[in-house]
Amino acid sequence: GDSVTQTEGLVTLTEGLPVMLNCTYQSTYSPFLFWYVQHLNEAPKLLLKSFTDNKRPEHQGFHATLHKSSSSFHLQKSSAQLSDSALYYCALSYGSSGNKLIFGIGTLLSVKP
Amino acid sequence: GPKVLQIPSHQIIDMGQMVTLNCDPVSNHLYFYWYKQILGQQMEFLVNFYNGKVMEKSKLFKDQFSVERPDGSYFTLKIQPTALEDSAVYFCASSRGGNTGQLYFGEGSKLTVL
């Protein structure tokens with residue numbers, strides 16, 4: 001069945017270092033991929049969504065590239081900020097699925113000074 | 001930005017009792033969702049709802065579960081009767097479109113069944 005795998009449960013970084021959070025997926029068809037972010041005591045909110053035309057989505061310094069050959073959608077940022085500390089979820093859905101998102105387990109990013 | 005409100009944020013009840021989780025979605029949104037997250041696991045889709053009807057439900061959406069949104073008021077998830085395995089955080093979400101993947105989530109309602 002369809003699934004999303006996030007291999008790191010916790011990533012701890014020093015401010016200013018690059019961020020990379022892993023996301024791989026298994027799917028029957030060609031899905032859309034998403035990154036949602038949840039800060040402490042807040043609701044999860046959409047950070048990035050993959051495009052159909054191979055463009056690289058970017059938001060708040062974060063970007064992710066959909067690689068269909070390796071079924072990956074890793075999240076990257078060149079320089080971590082303290083405010084990036086949060087729980088990051090990778091998710092997939094199909095255009096016809098009525099927004100039924102399949103989530104990964106999430107990666108907690110902790111950025112330290 | 002647009003907010004989805006969930007009431008209550010926490011609820012503790014005894015097994016077998018009924019519980020209703022309430023969700024106030026973003027005002028101009030047409031699609032509504034419930035997701036369930038057991039501690040330490042990923043969020044899982046329960047049900048989506050549009051135009052007064054359930055569109056799709058997962059196998060997690062047991063017969064004891066029901067959803068409704070009477071007359072544009074709260075979108076509710078009712079569990080009757082509750083079981084121990086219903087203990088989880090329940091996230092409500094809403095969206096304008098049905099296939100964009102852009103959902104607006106609430107902060108979750110943590111349900112503990114004793």
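Notes on the structure in this doc start here. (Residues numbered from 1 in each chain as written. Chains lettered and ligands numbered in written order. Predicted model: local features only at pLDDT ≥ 70, side-chain atom pairs only at ≥ 80, totals over all residues. Heavy atoms only, no water.)

## Digging into the environment of Y90 of chain B
All names here are of chain B. If you trace the backbone, Y90 turns up in strand β9 (residues 88-95). Judged by its relative accessible area of 0%, Y90 falls in the buried class. In this structure the C-alpha to C-alpha distance between Y90 and F75, which are 15 residues apart in sequence, comes to 13 Å. A polar contact of 2.7 Å, which involves the side chain of Y90, links it to the backbone oxygen of D86. (Helix = DSSP H or I, 4+ residues; strand = E, 2+ residues; numbered from the N terminus. Buried < 20%, exposed > 50% of the residue type's maximum accessible area, 1.4 Å probe, protein only. Polar contact = N/O pair within 3.5 Å; in protein donor to acceptor, adjacent residues only side chain to side chain.)

## A look at the environment of Y33 of chain B
All names here are of chain B. Within the secondary structure, Y33 is located in strand β4 (residues 31-37). Each C-alpha atom of the pair Y33 and V54 lies 9.5 Å from the other, and the pair is 21 residues apart in sequence. Within the structure, Y33 has its side chain in polar contact with the side chain of S95 (distance 2.7 Å).

## Digging into the sheet that holds strand β9 (residues 75-77) of chain A
Pairing within the open sheet is antiparallel, and its 4 strands lie in the order β3-β9-β8-β7 (chain A). In this open sheet, the two strands that pair with only one neighbour each are β3 (19-21) and β7 (58-59) of chain A. (Pairing = 2+ DSSP bridges.)

## A word on the nonpolar core
Core analysis: the biggest nonpolar cluster contains 25 residues, and L33, W35, L47, L75 and Y88 of chain A have the highest contact counts within it. Of all the secondary structure elements, the ones that give two or more residues to this core are β2 (10-14), β3, β5 (32-38), β6 (45-49), β8 (62-64), β10 (86-93) and β12 (107-112) of chain A. The residues contacting L47 of chain A, other than those within four sequence positions of it, are W35, Y36, V37, H59, Q60, F62, L75 and Y88 of chain A. Judged by nonpolar contacts, the second largest core, of 22 residues, contains I13, F61, C92 and V113 of chain B. (Core = buried A, V, L, I, M, F, W, Y, C linked by side-chain atoms within 4.5 Å. Contact = heavy atoms within 4.5 Å.)

## Observations regarding the layout of surface pockets
A volume near 1,100 Å³ is recorded for the largest pocket. Around the largest pocket, the lining is made up of 42 residues, and of these Q38, E42 and A43 of chain A together with F91 and E107 of chain B lie nearest the centre. Among the elements of the structure, β6 and β10 of chain A together with β1 (5-7), β9, β10 (104-105) and β11 (109-113) of chain B are those that each provide at least two residues to the lining of the largest pocket. Here the lining of the largest pocket gets 4 residues from one element, more than from any other, and that element is β11 of chain B. Looking at side-chain class alone, the lining of the largest pocket contains 21 nonpolar, 16 polar and 5 charged residues. Estimated volume of the second largest pocket: approximately 320 Å³. If you trace the second largest pocket, you find 14 residues lining it, with I102 of chain A together with E44, F45, S58 and K59 of chain B closest to the centre. Those elements that place two or more of their residues in the lining of the second largest pocket are β1 (3-5) and β11 (102-103) of chain A together with β5 (44-50) of chain B. Of the residues contributing to the lining of the second largest pocket, the split by class is 7 nonpolar, 3 polar and 4 charged. (1 Å grid on protein atoms, 1.4 Å probe; cavity = no way out; pocket = protein on both sides within 12 Å on 5 of 7 lines; lining within 4 Å. Points joined across faces, edges and corners; volume = space filled by probe spheres on them. Nonpolar A, V, L, I, M, F, W, Y, C, P; charged D, E, K, R; others polar.)

Spatial relationships are all this shows, so hold off on functional conclusions.
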